[in-house]
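Coordinate inspection notes
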Amino acid sequence: MAKEIKQFQTESKKLLNLMINSIYTNKEIFLRELISNASDAIDKYHLLSLTDDSLEKTNDYEIHLELDKKKRKLIISDNGIGMTHDELISNIGTIAKSGTLEFLKNQKDRDMKDADLIGQFGVGFYSAFMVAKKVQVITKSPFSDTAYRWVSAGEDEFTIEESKRTERGTEITLFFRKDEEDENYSDFLEDYKIQSLVKKYSDYVKYPITMDREKTTQRLDDEGNKIENEYDTEIENETLNQMVPIWKRNKTEVTDNELNDFYKAQYYDYNDPSFRIWTNVEGMITYKSIIFIPSKAPQNLYSDKYEKGLQLYAKDVFVMDKCKELVPDYLRFIKGLVVSPDLNLNISREILQKNRQLEKIQKNLEKKIVNELEKTLKNERETYVAFWKEFGVNIKYGIYENFGMNKDLLKDIILFQTVKEDSLVTLKEYVEKMPKDQKEIYFGSAPSKASLKASPQMDVLKKKDYDVLVLADDVDEFMISILAEYDSKKFKSINQGDLDIQDDSVKEEIKTLETENKDLLAAIKTALGSEVDEVKLSTRLTESPVCLVSGEGLSFEMEKVINQMPGDKDMKAKKILEINPQHDLFKAIERIYTNSPESIEDYANLLYNQALLIEGLAIKDPVEFSNKMVKILIKAANIGDTNGTDTKED
Ligand code: ADP
């Protein structure tokens, strides 16, 4: 047969073009694609040989790699099914995958870049042209007496001619491109590089992937001692892949230690994971998954650069390293893999369908993980608390995320510090310990438990012996506002609005006092101008002289967090200065106001700044504050300050 010159199909040309001009950074996946084709070809032969008596039955399968540095080539050969002349033309010269063309057409509308296309889907044989300037395929089918040689430089055409090959199978030779300024193809000629790519992408292919590797050993003398500077090199046919995937083994036979080692090697961690969750699911969708929770949060977990996701295997082929569709954002810290025979790295399986399956797996996994956390919280409190300290913020974020879609799932695995308890408590535990007359769940925002405990807003709660949740993380108040209630009990901030827990008689008394001191309160408000929105007598203070609270709605904490975010910065919480009418300080101010109303401004200022300080908020003018304080102290000590405004008292 003479050499035939054939044109690629139009669609194939498009795909080829995409590959040749690809700026895709992950060009190394060509090896995964070719190895997975080889593995498929062996599968096909094996299955056929079971029913076709004309085919030799064997278990001697192999995918062999051979590097030739001088000629800049890599040969990938297999003893699979091979191809006949016609198969060679229709399989390699045409896009067999019906969905591909459609996908390419839609690509423009979707605004999907080449890189995304290549990254997300198996692109098969053509990916060889990302790295090779010329590709040769020599193949022999057991159903054909003749072997064929196919060659193409990826442009418009390919050639086919007879070849001398006699064994069944396929041998693909890639002639690597010359290195360019920013592309180093010579890397693929290093056997350690090829070895690491096999490990990375094809470790779980079930046939041996072998390569001739040079082994250098020091020469030994007759007595078995090493001779200095004398070496022997031998060529060894080394198997590069592990072949038996850990998930293929019986779950009950794999020890925690083995799983830990697997985790550390696969996900580059030094520490053992704190959780190992192995799931086998069969039914509407079949998959296996092994999920790990690291014991320490990675440094970059909250940076933009962190990529969440699970490794995805379709059958035994590594399809994706970080399949983000499998992981809800708040669980971004989980590592692991999903293996599903229902997923295919073939484009023809519609993307939509694929996504729906992934979504289902994601939902299942999420429930499974939360379940496991719940169980641990119940049975191994210490382990859970350690987890909580690393990743609790994420769980809280999970409640807040997606408009509270997950709040019911997660509300029982959140932990809180409280003012009274030494260890962290769940909401259930808090509610169980509530005194009979307590109706709501109290919380206070503060940088720490100690500062909340010392805050004036705690006065009445201490008296009532109510416990208070300490909210110290930015996300806390947002999470609480989404939760709104737990076990039909509303959340109530101790730093906001009316507390309404004083006895009625006390409330009455304070109302009367407020009417009596209307002018004084108005004077303080005037003195403070727009600094505060309201000045009132407090029902929540019993020990402390003053405090600052926000109105209902936006709190100081939320104001702070929102204003740190980019964008709208004009959110202001309503500021209310509350004064304790029982405190001696108030009585002193009452007297001062009666005797010299004009000096009230300084006192109002002091009161307000003191409240700011207690609240952990910044004082506008610390120097002025200090000067006023000095002035008042001197006056109080009666060291005549004749220049002061308060001359009447002298
Ligand atoms: P696919 O996703 O179908 O594997 P490819 O472009 O990678 O797409 O390959 C196209 C077809 O070429 C395959 O379906 C197969 O029939 C054939 N083929 C590729 N590599 C080999 C091989 N090593 N041995 C036998 N047939 C092969």
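Residues numbered from 1 in each chain as written. Predicted model: local features only at pLDDT ≥ 70, side-chain atom pairs only at ≥ 80, totals over all residues. Heavy atoms only, no water.

Some details on the site of the ligand
Where we set the bar: Here a residue counts as near a molecule or strand whenever at least one of its heavy atoms sits within 4 Å of it. N or O atoms within 3.5 Å of each other form a polar contact, as long as, within protein, one can give a hydrogen and the other can take it, and as long as residues adjacent in sequence are counted only when both atoms are side-chain atoms. Put simply, DSSP marks the helices as runs of H or I at least four residues long and the strands as runs of E at least two long, and each gets a number from the N terminus on. Polar here means any residue outside two lists: the nonpolar Ala, Val, Leu, Ile, Met, Phe, Trp, Tyr, Cys and Pro, and the charged Asp, Glu, Lys and Arg; Gly therefore counts as polar.
Lining the immediate environment of the ligand, one finds 13 residues, of which Asn37, Asp78, Asn91, Gly124 and Phe125 sit closest. Asn37 places a polar side-chain atom, nitrogen or oxygen, 2.7 Å from an oxygen atom of the ligand. Separating a nitrogen atom of the ligand from a side-chain N or O atom of Thr170 is a distance of 3.2 Å. Listed by contribution, the elements that provide at least two residues to the shell around the ligand are helix 2 (29–51) and helix 3 (85–92). Top contributing element to the shell around the ligand by residue count: helix 2, with 4 residues. Partitioning the shell around the ligand into residue classes produces 5 nonpolar, 5 polar and 3 charged.

Section: the sheet that holds strand 20 (residues 534–537)
Threshold: Here the rule is simple: two strands pair whenever DSSP picks up at least two bridges between them. Axis angles are defined between N-to-C directions and span 0 to 180 degrees, where every axis is a line fitted to C-alpha atoms and, for a helix, only to the segment in contact.
Taken in spatial order, the 3 strands make up an open sheet running 20-22-21, and their pairing is mixed. Looking at strand neighbours, the two that pair on one side only are strand 20 and strand 21 (546–550), the edges of this open sheet. On average, each strand axis in the sheet is inclined to that of its neighbour by 30°, with strand direction left out of account. With 5 bridges connecting them, strand 21 and strand 22 (residues 575–579) associate as antiparallel partners. Residue Leu548 lies in a different strand from strand 22, and its bridge partner there is Leu577.

What about the pattern of salt bridges?
Defined as follows: By definition, a salt bridge exists where a carboxyl oxygen of Asp or Glu is found within 4 Å of a side-chain nitrogen of Lys or Arg. Three labels apply to residues, based on accessible area from a 1.4 Å probe with only protein chains included: buried if under 20% of the type maximum, exposed if over 50%, partly exposed otherwise in between.
Here the structure, examined in full by the defined rule, presents 46 salt bridges. Across the pair Glu183 and Lys27 runs a salt bridge, and its minimum N-O distance is 3.3 Å. Of this pair, Glu183 sits in the loop between strand 7 (169–176) and helix 6 (191–202) while Lys27 sits in the loop between helix 1 (10–20) and helix 2, and the two are 156 residues apart along the sequence. Here Glu183 falls in the partly exposed class, since its relative accessible area comes to 22%. The salt bridge involving Lys199 is made with Asp203; its shortest N-O contact spans 3.1 Å. Overall, the relative accessible area of 40% leaves Lys199 in the partly exposed class. Counted as one network, the salt bridges with shared partners bring together Asp191, Arg213, Lys215, Glu236 and Glu238.

Considerations on the sheet that holds strand 9 (residues 226–239)
Short version of the rule: Contacts are assigned to residue pairs with any non-hydrogen atoms lying within 4.5 Å of each other.
Taken in spatial order, the 9 strands make up an open sheet running 1-6-5-4-7-3-2-8-9, and their pairing is mixed. This sheet does not close on itself; its edge strands, each paired only once, are strand 1 (4–7) and strand 9. Between one strand axis and the next, the sheet turns by 25° as a mean value, whatever way the strands run. With 5 bridges joining them, strand 4 (residues 132–140) and strand 5 (residues 147–152) adopt antiparallel strand pairing. Paired with Val137 across the strands is Trp150, a residue of strand 5. Taken strand by strand, helix 6 contacts strand 2 (63–68), strand 3 (73–78), strand 8 (209–220) and strand 9, and its axis lies near 135° from that of strand 8.

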